[in-house]
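The lines below spell out each chain.
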Amino acid sequence: MKTIAELNNYRIKILLLLKNNDELIAKNIIFWIANDEFMQNWDYKWMYNFFSPIYDELFYELVTEKLKLSRETRNLLETLSLPYFKMDKSKKDKLLKRLK
C-alpha cells in the first residue's frame, strides 16, 4: 500500500495529465491505482475518497465541455467515484462489472 502523500501526488498527477490532454497516461495510472489499492482490499470508502475529488475537480469542465475526455475515461471516473460503501451488494456488483 502507498502512503497518503504518495496517493495525493498520484491524484494531482492524474488531474494534471487529464487537464493537459495526456488522457492515456492518466487512464493507465487510474487503472493501476484502482487495481493496486482497491481491488486487492475491496475498500470502497478508500476508492470513493481517492477518486471522488478527482471527478469533482473536473466536473464543471466536463459539463461545459472545456475539457474533452473520451466517453470511456469519463465513465471510468464516474464509476470509481461513486459511494459504493453506501450501496447494497446487488447494485454495487452491477456497477463494478464495468471496471473489469
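Only a predicted model underlies this, so the values are computations on that prediction, with no experimental measurement involved.

Procedures and definitions
- Residues numbered from 1 in each chain as written.
- Predicted model: local features only at pLDDT ≥ 70, side-chain atom pairs only at ≥ 80, totals over all residues.
- Heavy atoms only, no water.
- Helix = DSSP H or I, 4+ residues; strand = E, 2+ residues; numbered from the N terminus.
- Rg over C-alpha atoms; globule rule 2.2 N^0.38 Å.
- Buried < 20%, exposed > 50% of the residue type's maximum accessible area, 1.4 Å probe, protein only.
- Areas by Shrake-Rupley, 256 points an atom, 1.4 Å probe, with all protein chains shown as cover.
- Lys, Arg positive; Asp, Glu negative; His and termini not counted.
- Charge placed at Lys NZ, Arg CZ, Asp CG, Glu CD.
- Core = buried A, V, L, I, M, F, W, Y, C linked by side-chain atoms within 4.5 Å.
- Contact = heavy atoms within 4.5 Å.
- Axes fitted to C-alpha atoms, helices over the stretch in contact; angles between N-to-C directions.
- Parallel < 35°, antiparallel > 145°, perpendicular 65-115°, else oblique.
- Left-handed = near helix turned anticlockwise from the far one by under 90°.
- Salt bridge = Lys/Arg side-chain N within 4 Å of Asp/Glu carboxyl O.

Participant: Even after reading the chapter, I still don't get the overall build of the chain, so can you show me in this structure?
Facilitator: Assigned secondary structure in the chain consists of 5 helices and 0 strands. Here the chain has a C-alpha radius of gyration of 13 Å; the compact-globule value for 100 residues is 13 Å, and the two agree. Each principal axis of the C-alpha distribution contributes one length, and for the chain these read about 35 × 30 × 20 Å. Classification of the 100 residues of the chain by burial places 41% in the buried group. When the accessible area of the chain is evaluated, it comes to approximately 6,400 Å², of which 52% is carbon and sulfur surface. Between the centroid of the 18 positive side chains of the chain and the centroid of its 14 negative side chains there is a distance of 5 Å.

Participant: How should the nonpolar core be read in this particular structure?
Facilitator: The biggest cluster of nonpolar side chains holds 29 residues, and the ones touching the most others in it are Trp46, Met47, Phe50, Phe51, Ile54, Leu58 and Leu77. Among the elements of the structure, helix H1 (4-19), helix H2 (23-39), helix H3 (44-63), helix H4 (71-80) and helix H5 (89-96) are those that each provide at least two residues to this core. Ignoring anything within four residues of it in the chain, the contact list for leucine 77 reads Leu18, Ile30, Ile54, Tyr55, Leu58 and Leu69.

Participant: What should I look at first to understand the packing of H3 against H4 in this one?
Facilitator: The angle between the axes and the distance between the axes are what describe a pair of packed helices. Between H3 and H4, the least distance of the axes is 8 Å, while the angle of their chain directions is 135°. Compared by their axis directions, H3 and H4 come out oblique. The way H3 lies across H4 gives a crossing that is left-handed. On H4, the residues that touch Met47, Tyr48, Phe51, Ile54, Tyr55, Leu58, Leu62 and Val63 of H3 are Arg74, Leu77, Glu78 and Leu80.

Participant: Please explain the pattern of salt bridges as it appears in this structure.
Facilitator: Pairing between side chains becomes possible if they bear opposite charge and their charged atoms approach one another. For the structure shown, the criterion picks out 4 salt bridges. The salt bridge partner of glutamate 61 is lysine 19, with a shortest N-O separation of 3.5 Å. Highlighted residues: glutamate 61 in helix H3 and lysine 19 in helix H1, separated in sequence by 42 residues. The class for lysine 19 is partly exposed, based on a relative accessible area of 33%. Glutamate 72 is the salt-bridge partner of lysine 27, the closest N and O atoms lying 3.1 Å from each other. Remark: glutamate 72 occurs in helix H4 and lysine 27 occurs in helix H2; sequence separation between them is 45 residues. When salt bridges with common partners are traced through the structure, they connect Lys19, Glu57 and Glu61 into a single cluster.

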